[in-house]
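Observations on chain architecture
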Number of protein chains: 2
Amino acid sequence: MPGLINCHTHAPMVALRGVAEDLPIEEWFNDVVWPVESNLTGRDVELGARLACAEMIRGGVTCFADHYFAMDAVAAVVEECGIRAHLGEAYFSSQGPRGRERSLEFALRHRGGAGGRITTALAPHAPYTVDDADLTATAELARTHGLPVHLHAAENRDQTDVSLDRHGVTPIEVLRRTGLLDTDVLIAHGTGIVERDLAVLEGATGRVAVATAPRGYLRFAWPTTTPIRALNDIGVPVGLATDGAASNNSLDVWESMALTALIQKQTTGDPRWLTSRQALHHATLQSARAVGLGGTLGALAPGRRADLVLVDLTGPHTQPVHDLAATLVHSARSCDVTTTIVDGRVLMRDRELLTLDVPAVVRELGERMPALLDRGHGRRIQDYKTGKPA
Amino acid sequence: MPGLINCHTHAPMVALRGVAEDLPIEEWFNDVVWPVESNLTGRDVELGARLACAEMIRGGVTCFADHYFAMDAVAAVVEECGIRAHLGEAYFSSQGPRGRERSLEFALRHRGGAGGRITTALAPHAPYTVDDADLTATAELARTHGLPVHLHAAENRDQTDVSLDRHGVTPIEVLRRTGLLDTDVLIAHGTGIVERDLAVLEGATGRVAVATAPRGYLRFAWPTTTPIRALNDIGVPVGLATDGAASNNSLDVWESMALTALIQKQTTGDPRWLTSRQALHHATLQSARAVGLGGTLGALAPGRRADLVLVDLTGPHTQPVHDLAATLVHSARSCDVTTTIVDGRVLMRDRELLTLDVPAVVRELGERMPALLDRGHGRRIQDYKTGKPA
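Residues numbered from 1 in each chain as written. Chains lettered and ligands numbered in written order. Predicted model: local features only at pLDDT ≥ 70, side-chain atom pairs only at ≥ 80, totals over all residues.

All names here are of chain A. Considering the arrangement of structural elements, one finds Arg 345 in strand β12 (residues 345–349). Residue classification places Arg 345 among the partly exposed positions, given that 15 C-beta atoms sit within 10 Å. Expressed as a C-alpha distance, the spacing of Arg 345 and Leu 308, which sit 37 residues apart in the sequence, is 9.8 Å. (Helix = DSSP H or I, 4+ residues; strand = E, 2+ residues; numbered from the N terminus. Buried ≥ 20, exposed ≤ 12 C-beta atoms within 10 Å, placed from the backbone.)

Listed below in structure tokens is the structure:
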């Protein structure tokens, strides 16, 4: 089948898998993740990206959309290991104009890199951490340079409520008024998308897509999930994602596929929505559209790139096969992928990774961990609620 | 770690994995599952049980509580393959008194079987398919013969509402008035347990436990899940389960463990509940209590039976290990179990099953499938809403 596409992650955060468990998102960011990320070095990012790519290739992921810091290191790992990626250098307004400039420089430097396997985006963090002037400037840069934009927006309902209180508009309306909906934009999460946002999204002149990573919404006990049915009704593609492993605990898009189907049934109250066939459509063609590669990936067909996986369905947990879509989505697991091929090159054969050395990565990452996890300095990147430097 | 315990399943239903997808429970039972089950033969049950035991042993399950038909065949498979099981022959009042008698005969015949690996229970189907007279007679038999009872009750909120409309009492109150709460009773699901039921459960003189199988509740789009926090507050153990694979699509208790933690966070709105450590406690010690083996299983300690699994955490998806409980619950997958040991006997070593021949089972099951799936006869066991013979 076509390889899975992880439409929104922070790959190097696998280094922080399990460091901040069972916390509300505010404490997760302010007390652990941002203090730890203030220690990050390029080498940490490189090792994290290697580990993440190993996990994704083993889980049947052939392309990922990454949104993080020190992204030159991630681009180098993508070049080296053979996976496909859509990369953006993240920035906050708290970094001043230099953040936005670096994001542009990164996008222009790596566009078309790794023999065409790398595409790039401008990557403002979110409307609650990047101000309107910065978002407007980003939209202008996107149009000028023909670049898409990848950002978090309306992550949860609380953000929508706070935005309405402070600014009188929703985060999606902020995207419109800053011109971002006139660019090709990939919105991560959108669980805070409300009724009034649907007409706004429908009126976008750019290509708009949403990435859903349902596990994290459960983990943070958010009251809503991505409104896939409503987005489907207005023609907005919804790709599947894992977010970073510090919140999702894995980069398992196979699990995202099953959870998306299950959580959609639960939240709509309709067991007929979303079916296994629809889940596969989101994981492949809609995800390809979400990362701007709708004509290139997401299907096994002449003219498409050879990004594909072989799945072993002979295990007792996947037998008998009465309904192939249900078997793939609800019975198979990421570890049933035996072979992963990207751009015609075999990256894993019979569960053996051919381009990455996991033990070496794990060893060096372990040595660096005390320095990475040190929070004694009291620094953190900024404050979650206010978006101000902390 | 201790092997996982599947506290409620219908193991042979793996034969029906994927036959009835994306349907409300009423259509699932009436239009597909019961018509197909009216074709079931002992040989189908035997082959299904073999496939199920293979799946569970590979997924780190060392004991399962089964509730189905033609259970002599399941007992024979348990004897042969080395797993531990808590078995009950299911019955409906639509079968007349013979159903209840057969359930008793089965429980007495197999109690202590397979060198002590088999324990047994009386297994009325549910308060909506077994009438009060039958439930009362079952409670008497349980007391007379020192047997526990395993049944479905308050599966969903709709059942509770219908029970209140028809009888003025909840399904849990039906268990009390028929004397079942004065026996040791394992209640499957309980997503329809309401506030007034908590005092009833607290007042039970028997040992009461609940089994939760959260995947199915999502699939059927039920509005609630098992109220684990409230049950925890009144000291009722909650074990983990998968239900049958015709609704759950797998017998993956590892997934039940992760989903239980995630869905509890979502439904309580509290990201601090239920933690990975608590999920492990439910999967091991609380599950052992749920199947009546709280002093025997569920921990690695002197005097306990040697039911244990080895888990490989060296894969890229489980590295680094910052929080062992989180790694086990949220990053590891059932396929990371490399070795499964029951009662000191190795049943799987390095992912190789030592007591079951999966290809042979799959081959014969495939040959039998046309006869098993035939619904041309128009028969079904009974009607879901009324519990009356169809």
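Here we take up the relation of the copies chain B and chain A. The two copies are related by a screw motion: chain B maps onto chain A through a turn of 180° and a shift of 0.0 Å along the axis, at an RMSD of 0.0 Å. Between the two chains, the operation in question is that of a two-fold axis. For chain B, the smallest separation between a C-alpha atom and the rotation axis is recorded for Cys335(B), amounting to 3.4 Å. (Least-squares fit on C-alpha atoms with pLDDT ≥ 70 in both.)

Picture the strands of a sheet paired through backbone hydrogen bonds; they go either parallel or antiparallel. Residue and element names in this part refer to chain B. Strand order in the open sheet formed by four strands is β10-β11-β12-β13, with antiparallel pairing between adjacent strands. Strands at the two margins of the open sheet, each flanked by one partner only, are β10 (308–311) and β13 (352–353). Across two bridges, the pairing between strand β12 (residues 345–349) and β13 is antiparallel. Pairing of Met 348 across the sheet is with Leu 353, part of β13. (Pairing = 2+ DSSP bridges.)

The next subject is the interface of chain B and chain A. The partner chain A presents 50 residues to the 50 residues of chain B that form the contact. Secondary-structure elements contributing two or more residues to the side of chain B that touches chain A are α2 (42–58), α9 (214–219), α12 (253–268), α14 (324–331) and α15 (358–373) of chain B. Here the element with the most residues in the side of chain B that touches chain A is α15(B); it accounts for five residues. A per-class count over the side of chain B that touches chain A returns 22 nonpolar, 15 polar and 13 charged. (Contact = placed C-beta atoms within 7 Å. Nonpolar A, V, L, I, M, F, W, Y, C, P; charged D, E, K, R; others polar.)

What follows deals with the pairing of strand β8 (residues 208–212) of chain B. Every other side chain in a regular strand lies on the same face of the sheet, so the side chains alternate between the two faces. All names here are of chain B. When you tally the buried positions in β8, you get five out of five residues, the bulk of the element. Because side chains alternate across β8, one face comprises the buried residues Val 208, Val 210 and Thr 212, and the other comprises Ala 209 and Ala 211, equally buried. Pairing geometry for strand β7 (residues 185–189) and β8, over four bridges, is parallel. By the bridge assignment for β8, Leu 186 is matched with Ala 209. Taken together, β7, helix α8 (residues 195–202) and β8 constitute a β-α-β crossover, and its handedness is right-handed. Across three bridges, the pairing between β8 and strand β9 (residues 238–240) is parallel. From the neighbouring strand, Thr 212 faces β9, where its bridge partner is Leu 240. (Right-handed = clockwise from strand over helix to strand, strands pointing away.)

What follows is about the environment of Pro24(B). Mapped onto the elements, Pro24(B) comes out in the loop between β1 (4–9) and α1 (25–37). The sequence separation of Pro24(B) and Ala221(B) amounts to 197 residues, and the corresponding C-alpha distance is 7.8 Å. With near-sequence residues (within four places) excluded, Pro24(B) lies in contact with Pro271(A) and Phe220(B).

A few words now on the pairing of strand β6 (residues 149–153) of chain A. Residues and elements named next belong to chain A. Among the five residues of β6, five are classified as buried, and the element is accordingly described as predominantly covered. In this structure, β6 lies alongside strand β7 (residues 185–189), joined through five bridges in parallel fashion. When the bridges of β7 are listed, His 152 appears paired with Ala 188.

Purely geometric numbers; function is a separate question.
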